Amino acid sequence: MNTYNLKNIIMVMYLLVPLLFYGVPYLYFFHQGGMNLNFFGSQFIESSNVLQMLIGHLFIGVLVCIFLLNRSFMLSVKEEKTVLNDVLLVFSFGLTYFIPFGIVSMISYPWFLFLFVSRRHYVISMILLLIISIFLVFFHEVRYPFVQVVILLLLPLLSRLSVFRLLMLAITALLFMAFILQPLRSGMIPFVETSDELVYLFQHLQPIYLGANTSLNINLDFSRMLAESIPFLKSALGYDSVINLISREGLSIEAYANGTRYGSNSSMYFNNVGYVIVISFFLVFNLLMRFINSRSLDSVVLIYLTVYGVYFIRRSFGSYFIDLFVVIFISFVYLFLKYFFGSKRIMQSC
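Conventions and cut-offs
Residues numbered from 1 in each chain as written. Predicted model: local features only at pLDDT ≥ 70, side-chain atom pairs only at ≥ 80, totals over all residues. Heavy atoms only, no water. Helix = DSSP H or I, 4+ residues; strand = E, 2+ residues; numbered from the N terminus. Contact = heavy atoms within 4.5 Å. Core = buried A, V, L, I, M, F, W, Y, C linked by side-chain atoms within 4.5 Å. Buried < 20%, exposed > 50% of the residue type's maximum accessible area, 1.4 Å probe, protein only. Axes fitted to C-alpha atoms, helices over the stretch in contact; angles between N-to-C directions. Parallel < 35°, antiparallel > 145°, perpendicular 65-115°, else oblique. Left-handed = near helix turned anticlockwise from the far one by under 90°. Nonpolar A, V, L, I, M, F, W, Y, C, P; charged D, E, K, R; others polar. Pairing = 2+ DSSP bridges. Polar contact = N/O pair within 3.5 Å; in protein donor to acceptor, adjacent residues only side chain to side chain. Expected span 1.5 Å × (residues − 1). Bend = angle between axes of the 7 residues up to and from the residue. Salt bridge = Lys/Arg side-chain N within 4 Å of Asp/Glu carboxyl O. pLDDT = per-residue confidence, 0-100. Lys, Arg positive; Asp, Glu negative; His and termini not counted.

Participant: Before we go on, may I ask you to explain the environment of alanine 255 in this structure?
Facilitator: Residue placement: alanine 255 occurs in helix H12 (residues 253–257). Spatially, the C-alpha atom of alanine 255 lies 46 Å from that of serine 76, the residues being 179 residues apart in sequence. When sequence neighbours within four positions are dropped, the list of residues in contact with alanine 255 reads Phe40 and Thr260.

Participant: Would you mind showing me how to read the nonpolar core here?
Facilitator: Nonpolar side chains tend toward joint burial in soluble globular proteins. Ranked by internal contacts, the top residues of the largest apolar core, which has 97 residues, are Leu305 and Phe317. If sequence neighbours within four positions are ignored, phenylalanine 317 has contacts with Tyr14, Ile60, Val64, Ser266, Phe282, Leu305 and Phe312.

Participant: I tried to follow the packing of helix H1 (residues 7–29) against helix H14 (residues 295–307) on my own but got confused; where do I start?
Facilitator: The relative placement of two packed helices is expressed as an angle between their axes plus a distance between the axes. Running from N to C, H1 and H14 point in directions that differ by 45°, and their axes come no closer than 9 Å. Overall, the two elements H1 and H14 adopt an arrangement that is oblique. For the element pair H1 and H14, the recorded crossing hand is left-handed. Across from Ile9, Ile10, Met13 and Tyr14 in H1, the residues of H14 making contact are Leu302, Leu305 and Thr306. For the contact of H1 with H14, the per-class residue count stands at 6 nonpolar, 1 polar and no charged.

Participant: How should I be thinking about unusual backbone geometry in this particular structure?
Facilitator: Where the residue is not glycine, phi is negative for most of them; where a peptide bond is considered, it is trans in most cases. In the Ramachandran plot, phenylalanine 73 falls in the positive-phi region, its phi being about 60° despite a non-glycine side chain. Tracing the chain through its elements places phenylalanine 73 in the loop between helix H2 (47–69) and strand S4 (74–77). Judged by relative accessible area, which is 5%, phenylalanine 73 ranks as buried.

Participant: Would you mind going over the packing of helix H6 (residues 144–158) against H14 with me for this structure?
Facilitator: Two elements in contact, H6 and H14, have axes whose closest approach is 10 Å; the angle formed by their N-to-C orientations is 125°. Between H6 and H14, the interaxial angle falls into the category oblique. In terms of crossing hand, the pair formed by H6 and H14 is right-handed. Along its contact with H6, which presents Tyr144, Gln148, Ile151, Leu152 and Leu155, the element H14 presents Ile303, Thr306 and Val307. When the residues that make up the contact of H6 with H14 are grouped by side-chain class, the tally is 6 nonpolar, 2 polar and no charged.

Participant: Help me understand the pairing of strand S3 (residues 42–46) in this model?
Facilitator: Regular strands place their side chains on alternate faces of the sheet. Residues Gln43 and Ile45 point to one face of S3 and are all buried, whereas Ser42, Phe44 and Glu46, pointing to the other face, are not buried. As paired strands, strand S2 (residues 34–38) and S3 are joined by 5 bridges and run antiparallel to one another. Its bridge partner lying in S3, leucine 37 is registered against glutamine 43. The hairpin formed by S2 and S3 contains 3 residues between the paired strands, and phenylalanine 40 there has a positive phi angle of roughly 55°.

Participant: Got a minute to help me understand the side chain of serine 92 in this structure?
Facilitator: Take serine 92: it is sitting in helix H3 (residues 83–98). A relative accessible area of 3% places serine 92 in the buried class. Among the polar contacts made by the side chain of serine 92, one reaches the main-chain carbonyl oxygen of leucine 89 at a distance of 2.9 Å. Excluding anything up to four places from it in sequence, serine 92 contacts Ser108, Trp111, Phe112 and Leu115.

Participant: What am I meant to see in H1 here?
Facilitator: For an α-helix the count is 3.6 residues per turn, leaving residues at separations of three or four pointing the same way. With 23 residues, H1 extends 32 Å between its outermost C-alpha atoms, agreeing within 8% with the 33 Å of an ideal straight helix rising 1.5 Å per residue. Largest kink in H1: about 35°, centred on methionine 13.

Participant: What should I look at first to understand helix H5 (residues 123–139) in this one?
Facilitator: Under the 1.5 Å per step criterion, the end-to-end length of H5 is 24 Å for 17 residues, consistent within 8% with the ideal 24 Å. One or two positions beyond H5, positive phi appears at glutamate 141, with a value near 55°.

Participant: Got a minute to help me understand the pattern of salt bridges in this structure?
Facilitator: Side chains that differ in charge, positive against negative, can pair when their charged atoms come close. A full pass over the atoms with the stated rule returns 5 salt bridges. With a shortest N-O distance of 3.2 Å, aspartate 240 and arginine 248 are connected by a salt bridge.

Participant: Which parts of the structure should I look at to understand the confidence of the model for the protein?
Facilitator: Any segment with low pLDDT has predicted coordinates that should not be analysed in fine detail. For the protein, the mean per-residue pLDDT works out to 86, and 91% of the residues sit at or above 70. Low pLDDT (under 50) marks residues 343–350, which in the prediction has 11 contacts with non-local residues, meaning those over four places away or in another chain.

Participant: Could you clarify how one ought to interpret the side chain of aspartate 86 in this entry?
Facilitator: In this structure, aspartate 86 sits in helix H3. Put simply, aspartate 86 is tucked away with no salt bridge, and the nearest opposite charge, on lysine 81, sits 7.4 Å away. Filtering out sequence-adjacent residues up to four positions away, aspartate 86 remains in contact with Arg120, His121, Tyr122 and Ser125.

As structure tokens, then:
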């Protein structure tokens, strides 16, 4: 059994990166009362709002660390390899990004992570994942699969790095995504058709701050925030996507009509009701995982929070809750089937 300690990675992604991402602008623009940003529509973001974003993200980050502390941040992977496991691994990865149906990716992606942490893998399988992810960058303008695969491939190395080195690596990765991957996904040549100045980086990050500020001011009610955190509840209640809601609020009419959208952001939960929802979900997941009591499930949840940590500053944590519900459900079904068709000894080894 190979074991990796991911504590430093989690601390950097969920505590230090949001501290810098929201803390630096807060301090820099504090004497001006806020910052004026423009992305298909101008907004003046008050310093108090930036402080709320900072405190809220750090609050969720602390909850993530406490949640994983019960499981010691340890990722366990079995030594043996199997061809079938790797075939299913590559297939589920391709299924996630090439089949344009939400329900498919909702199931196939957790299954991909489950297969990844279940055993070690052949080199050819990792090369295939890398090739597919690079193809997605150039031909589908999607960066995340590439970032995800790189993180998964480098986990043995990343787990041994200090907090400082991981932080420097995170800053380097941010620059790489902004100056290299972003132009490539848009069909442009980096540093030739785009700027190489740091102001370009800030312009690239503006939609995140604007989306976060709009989400903070939108004042969603309890049922709406709950619908953004539970699978299928949004459709059952007939709610439109919160992404459309905040984009209509913050973008110009022309930009919205042309398909431009903000991303979701955790700041929609940064109020009294939202904090109660977030805390409650962490407690529910903790109870569910204690009830199932599976090392495999612990590893899948840990690897999910690790690979999605790169998007913590810009993605609503409600979508994390939705994915974690699916992860737990799939793991529960898998373990039940192993127990039903196998033996109690097999069940106890999971």
